[in-house]
Amino acid sequence: MGGSGRRSITDIGWEEFHALPLEEKRPYLEREGGRGEPFHTLFAQQFDRPLLERLAALANRIRFISKRKEGALALKSLLCHKRAMLYFSQPSSRTFLSHLAACQILGLTTGSVRDTSISSEFKGESKEDSIRTFSSYFDLIIMRTPEQGLAEKMSWELSNSERPVPILNAGSGKDQHPTQALLDIYTLLRSFEEKGGLHDRTVVFCGDLLRGRTVHSLSYLLTNFPRIRQVFVAPPQLQADESTFSVLRAKGVEFETSENLREAVKSADAVYMTRIQDEWDDAKGDSAKIDTSRFKFGAGELALLPEHGVIMHPLPRRDEIATCCDHDPRAMYWRQMRNGMWIRAALIAVTFGFEDQITEMPL
Ligand code: NCD
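Because the structure is a prediction, the values reported are computed rather than measured. (Residues numbered from 1 in each chain as written. Predicted model: local features only at pLDDT ≥ 70, side-chain atom pairs only at ≥ 80, totals over all residues. Heavy atoms only, no water.)

Chemist: I'd like to hear about the packing of aromatic side chains, residue by residue, with values.
Modeler: Applying the stated rule across the entire model yields 12 aromatic pairs. Aromatic side chains Tyr-137 and Phe-138 sit 6.5 Å apart centroid to centroid with 75° between the ring planes, which places their arrangement in the edge-to-face category. For Phe-138, a relative accessible area of 12% puts it in the buried group. Judged by centre distance (6.4 Å) and plane angle (80°), the rings of Phe-232 and Phe-255 are edge-to-face. Highlighted residues: Phe-232 in strand S6 (residues 228-233) and Phe-255 in strand S7 (residues 255-258), separated in sequence by 23 residues. In this structure Phe-232 comes out as buried when scored by relative accessible area, which is 0%. Using a relative accessible area of 23% as the deciding quantity, one classes Phe-255 as partly exposed. Above the ring of Phe-17, the side-chain terminus of Lys-25 is found at 5.5 Å from the ring centroid. (Phe/Tyr/Trp six-rings, centres within 6.5 Å; stacked < 30°, edge-to-face > 60°. Buried < 20%, exposed > 50% of the residue type's maximum accessible area, 1.4 Å probe, protein only. Helix = DSSP H or I, 4+ residues; strand = E, 2+ residues; numbered from the N terminus. Lys NZ or Arg CZ within 6 Å of the ring centre and 35° of its normal.)

Chemist: Mind laying out the domain arrangement of the chain, listing which residues take part and the relevant values?
Modeler: The accessible area lost on association of the parts is a frequent measure of interface size. You can read the domains of the chain as domain 1 (9-176 + 339-359) and domain 2 (178-280 + 288-336). Here the C-alpha centroids of domain 1 and domain 2 sit 26 Å apart. Every contact between the two is made by 36 residues of domain 1 and, on the other side, 27 residues of domain 2. Roughly 2,600 Å² of surface becomes buried between domain 1 and domain 2 when both sides are summed, with 60% attributable to carbon and sulfur atoms. For the pair domain 1 and domain 2, the interface holds 1 salt bridge. Two residues, Glu-23 and Lys-251, come together in a salt bridge whose shortest N-O distance is 3.2 Å. In this assembly, domain 1 and domain 2 are joined by 16 residue pairs in polar contact (both at pLDDT 80 or more). (Domains from an automatic or database assignment. Contact = heavy atoms within 4.5 Å. Buried area = accessible area lost by both parts, 1.4 Å probe. Salt bridge = Lys/Arg side-chain N within 4 Å of Asp/Glu carboxyl O. Polar contact = N/O pair within 3.5 Å; in protein donor to acceptor, adjacent residues only side chain to side chain.)

Okay, here's the thing in structure tokens:
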């Protein structure tokens, strides 16, 4: 894997590209002349351990450099000649703002479409045409959509147009959320940096593991690290499915399913809580019929969590983590969110080939 095998997305038809297994799509999505980093970021399958560690190191650097005024100004001048479009046709606050802040750190100017009912899509324009139009004004498109394959389709379309503009998937349907998984891995790397590193750990996922796209992307990214055991705790109706498990099996990753959060917490290095994704219910109220009372993290679970363990959540939360846990030093969710801004800045920097310039900046 990596930069060596780059194949051009302009040499492959849409149907053939779309049908490839996700890992085989990676070389087509890489930045030309790069070292395996993405041009389009669509799936967690585009990231291996060396790339994740490079991004985390770059995020740390950006974080540090931006503390000083001169450093912040130098970073802001890097991409001040680029414009980013945030196309969010699905509800979002933190992911939207986090990408916006990441753009601002690097000096990109931004525009946004959030409500397609007041865009020309309302006049009957296809999403493909709308996004293609935006690519005339912008140099990067960051998009979140309820449609599963739209970011992928647009990447192929734009790369095969006279104006190839990178696409960054900020959440595609129930499927993938690669930048959330990047910030989750960055948070885990930081959490265990001084505790022996991210290997030989148990990560417990809890909540709606079937429809939670952050879980799908993070479960994959964790397979890049040695001996990370994954435990999936959910009511049977919301348990992760074969699309997650078959990958783990193929990679020889140890995993199990459970309905007992308390038991799982006892041996957890990280507990990743998620909310019930009821916006995907076939009929309104379907999720409310499921008994989710045993899939919440409260004072009882906190008491069982090992001292070095961390509690994570992609947020927004409902009641799946009791607020009494918020001030515990193991509660990582607020820091996790802030980490997102830095790792997204790192990802945008590598997308445009600015990694070396940042690495050469004085600290
Ligand atoms: C997640 C999402 O949108 O998939 N949120 C986020 O991006 N921070 C998780 C969720 O909505 O539950």
